[in-house]
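# A look at the structure
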Amino acid sequence: MSTVTSSTEPGAMPNVAAGLSGLSRGRSVTNSVMTVVVYAAFLLALVPLAWILWTVLSRGYTLLLDQNWWLTSQRGITPRRVGGGAYHAILGTLVQAAVCALIAVPIAVFTAIYLVEYGRGKLARAVSFMVDILTGIPSIVAALFIYAVWVTTFGLQRVGFAVSLALVMLMIPVVVRSTEEMLKLVPNELREASYALGVPKWKTIARIVIPTALSGIITGVLLGLARVMGETAPLLILGPYSASINTSLVDGPMAALPTMIKDNFGQALQPATDRLWASALTLILLVLLLNGAGRVVARFSAVR
Amino acid sequence: MTSITGHSEADAGPSGDMAATGRVGDRVFSGLATGSGVFVVTLIGLVAAFLLAQAVPSLMDNKAGFLTSREWQVSAGDLRFGIADLLWVTVISSIIAMAIAVPIAIGVALFLTQYAPRRLARPFASLIDLLAAVPSIVYGIWGYFVLRDFVQPVQRFVESALGWFPLFAPLTVSGTIFLASIVLAIMILPIITAISREVFDQTPAAHKEAALALGATRWEMVRTAVLPFGKPGVISASMLGLGRALGETIAVTLLLSVTRGAFSWSAFAGGETFASRIANGSSEFDTPLKTGAYIAAGLVLFLLTFAVNAVARIVIERRKAFSE
Amino acid sequence: MAQRIDVKDLNVYYGSFKAVEDVSMSIEPRTVTAFIGPSGCGKSTFLRTLNRMHEVIAGGRVEGTVALNGRDLYSKDIDPVAVRRTVGMVFQRPNPFPTMSIFDNVAAGLRLNGVKTKAVLAEAVERSLKGANLWNEVKDRLDKPGAGLSGGQQQRLCIARAIAVEPQVLLMDEPCSALDPISTLAIEDLIDEIKQQYTIVIVTHNMQQAARVSDRTAFFNLAATGKPGRLIEMGDTAKIFSNPTEKATEDYISGRFG
């Protein structure tokens, strides 16, 4: 109290200066401690990332340097033997993901168009809510659902296409949300400019709104693809592993990278363990490649 | 050239008949959009309906209490299965994961939005996002082959210090719930961080400046302006992380030692979650009754995650209502 | 080309809110008509009803008639899309399509309405850009993005885009409010030139601008916040600005409120 009163008098400068240095020790210590804690949290979070990437890279890279890894399958190769490649699994993962995208992207983009351009009232709220629920649905539940439809109800075999269907359920919400965000960023003025030229609504969406948001939509698709490629649970339920190349989605078991990892996991033999890490590295590279591509697309052509 | 009726003078002006086709196009387009939306809603309904329809026959035949039994006997003729231990392992592993992940995620989100140099915040955030890009099976094998050996000494220490408490009772299991929880924590960390970061970033500059202008330190500004503003967002982010942890399959399947018949309340026990029980059983889906038992477990997991995600959503909605 | 507009007893609603009440007016062909009035008086809303753009906003609807050369724009057999092709619009902020080049921007209306012939498009683009006094500035970079132009050039690009579909009426909603004085002057000169061919209606906040560019002026006002806007007075610009009939008009013009 006395500082306040005396500082109003002329010639009381020293007291003012004292006031400026008056941050209590306790407060400044708390501040410093919390700063350290916050920095430490970030560094701590980086530890597993670096650790995992290093583990997989250092244990898996040798096989990837051999061109056979990229060109041959595991056909006829026992866990005891070295050799063979991951071509069959890479192929399976890419084909299943591509078919998944072919089905999921149109549904997801139109759902996002519905939410942004058409949706009003109860149905729109229900759709938005269900997209959130779909985001949170465990992949094993999605797989069980497809199993219940595909195998139990229709009596079909466990094949690559069934895996793709389960992946569709996991990809739709990712693409809906990213597309929705992008469509919302398209300025309303562009829509109005198009309407004022006498362009119907659907053409305005198809020719003005979608192209403006396209890069963001592509980013969403790439990130969605990266997510579904790493999914293992649908493969456990619907996509038994095969050591041979199978290009058919509707006939016979089809390998995928996650199941190739799983297949080598149970074997305590060195050749299998080497393949375990090599296939894990291959999967990570594929996923990171898609992620990176998505980020590059997003960076280069954001909505202006 | 002077009429505006697109119908009567079809070639008046530049392509005058567009009005008619425009209407057809509009109908088709809005039909596709609405249809896709309805499809998504229906899909969730179908999931519930199909799972329920195929779980019911097995549940009817079940000779044990579904919610109370710890048995899992699904061979033909003599169905005795219950989810009591699955529920416990699923919930406790996720809760321990949350207890580890949430504080760190808040710290990381604060670092990225309030502490990190502006220029570096974005690349740093992408690094954390990379954690979410790592496939869960990779977490599983890393946890199994690498992390396990580092976690065991920690477990020994906690056992010797707090072993009297049932949750920390010592057991000789290699793949423990505790190990799975740590890996789950790492897996949900980027999810919780991403959403928390977003809400912290939206703290109105006016709130922060008001705190700073009162002479608050950086931490006091965070505590008085950023954290209260972001609290609902952090809660719903945590719920989303919880939902993810509850349903995580392959990492948990690889990490947890299956110890049927030896139930313990300890976090240093093995066991199975809903998801890992289904994954472990996926090779024996041969008869509909047997599969139905697993589908019943899947249905419970679906309801559990549905509830958790719905709560997360409601919390977010409430916050929106306040900030608008 | 240019056509007259007759509005009779028009009420405009957004949902249950009545935004504009009881407007009747005639807009002559080959003239510039300016709408002036304080913020929220409904002049922009009313402008949008002249090409049914208010329907783009949820809940927008009207009572009354708007007739273009005697045809009611709101009669059942009229498609709003066709109306907008006949009655073009330029907006407050320049809004060229960001994914399109200068050429594509001007050609957008024609292309989206189904014109595909290259020669026809090229001819229309050149004519429209010349009409918008932009041709000389951009003729060497027609393939560059429209968003790369300056604000004033962008707005003239939007005018070119609007006139490329050969509308009969051109509505302008505060077309200069986002522009600097030199760009504004260029747009005003342009309005003066193109009024030979079009019926132009311009909403402006700037009374000097209304006095400079328009032949006729309509003054809108509202009794109080939350009340609908009304047309207070309409007449030759010279008369409105020198000797208005209504006290409210005089107060507004002399700067006593608004």
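The coordinates are above.
Fair warning: this is a prediction, and the values are worked out from it, not measured in the lab.

Quick notes on the rules
- Residues numbered from 1 in each chain as written.
- Chains lettered and ligands numbered in written order.
- Predicted model: local features only at pLDDT ≥ 70, side-chain atom pairs only at ≥ 80, totals over all residues.
- Heavy atoms only, no water.
- Helix = DSSP H or I, 4+ residues; strand = E, 2+ residues; numbered from the N terminus.
- Buried < 20%, exposed > 50% of the residue type's maximum accessible area, 1.4 Å probe, protein only.
- Patch = residues over 30% accessible without salt bridge, like charges linked within 9 Å, V, L, I, M, F, W, Y side chains within 5 Å.
- Areas by Shrake-Rupley, 256 points an atom, 1.4 Å probe, with all protein chains shown as cover.
- Salt bridge = Lys/Arg side-chain N within 4 Å of Asp/Glu carboxyl O.
- Core = buried A, V, L, I, M, F, W, Y, C linked by side-chain atoms within 4.5 Å.
- Contact = heavy atoms within 4.5 Å.
- Axes fitted to C-alpha atoms, helices over the stretch in contact; angles between N-to-C directions.
- Parallel < 35°, antiparallel > 145°, perpendicular 65-115°, else oblique.
- Left-handed = near helix turned anticlockwise from the far one by under 90°.
- Nonpolar A, V, L, I, M, F, W, Y, C, P; charged D, E, K, R; others polar.

### Details of unusual backbone geometry
Residue and element names in this part refer to chain C.
- If you check the backbone angles, Arg-30 has positive phi at about 50 degrees while not being a glycine.
- Following the sequence through the fold, Arg-30 ends up in the loop between β2 (17-27) and β3 (32-36).
- Look at Glu-166: it is not a glycine, yet its phi comes out positive at around 50 degrees.
- Structurally, Glu-166 can be placed in the loop between α6 (151-164) and β7 (169-173).
- For Glu-166, a relative accessible area of 25% gives the class partly exposed.

### Topic: a nonpolar patch on the surface
Residue and element names in this part refer to chain A.
- A surface patch of nonpolar side chains, about 490 Å² in accessible area, is lined by Trp-54, Leu-57, Tyr-61 and Leu-65.
- One can find Tyr-61 in helix α3 (residues 25-65).
- The class of Tyr-61 is partly exposed, set by a relative accessible area of 42%.

### Description of the nonpolar core
- In terms of nonpolar packing, the biggest core is built from 279 residues, with Ile113(A), Met171(A), Met25(C), Phe35(C), Phe46(C), Leu50(C) and Leu129(C) touching the most fellow members.
- Once residues within four sequence positions are removed from consideration, Met171(A) is found in contact with Cys100(A), Ala101(A), Ala104(A), Val105(A), Val221(A), Gly224(A), Leu225(A) and Val228(A).

### Observations concerning the packing of helix α5 (residues 87-118) of chain A against helix α6 (residues 121-136) of chain A
All names here are of chain A.
- Between α5 and α6, the least distance of the axes is 10 Å, while the angle of their chain directions is 135 degrees. Overall, the two elements α5 and α6 adopt an arrangement that is oblique. Crossing handedness for the pair α5 and α6: left-handed. Taken together, the residues of α6 that come into contact with α5 (itself represented by Thr-111, Tyr-114 and Leu-115) are Leu-123, Ala-124, Val-127, Ser-128 and Val-131.
- By residue class, the composition of the contact of α5 with α6 is 6 nonpolar, 2 polar and no charged.

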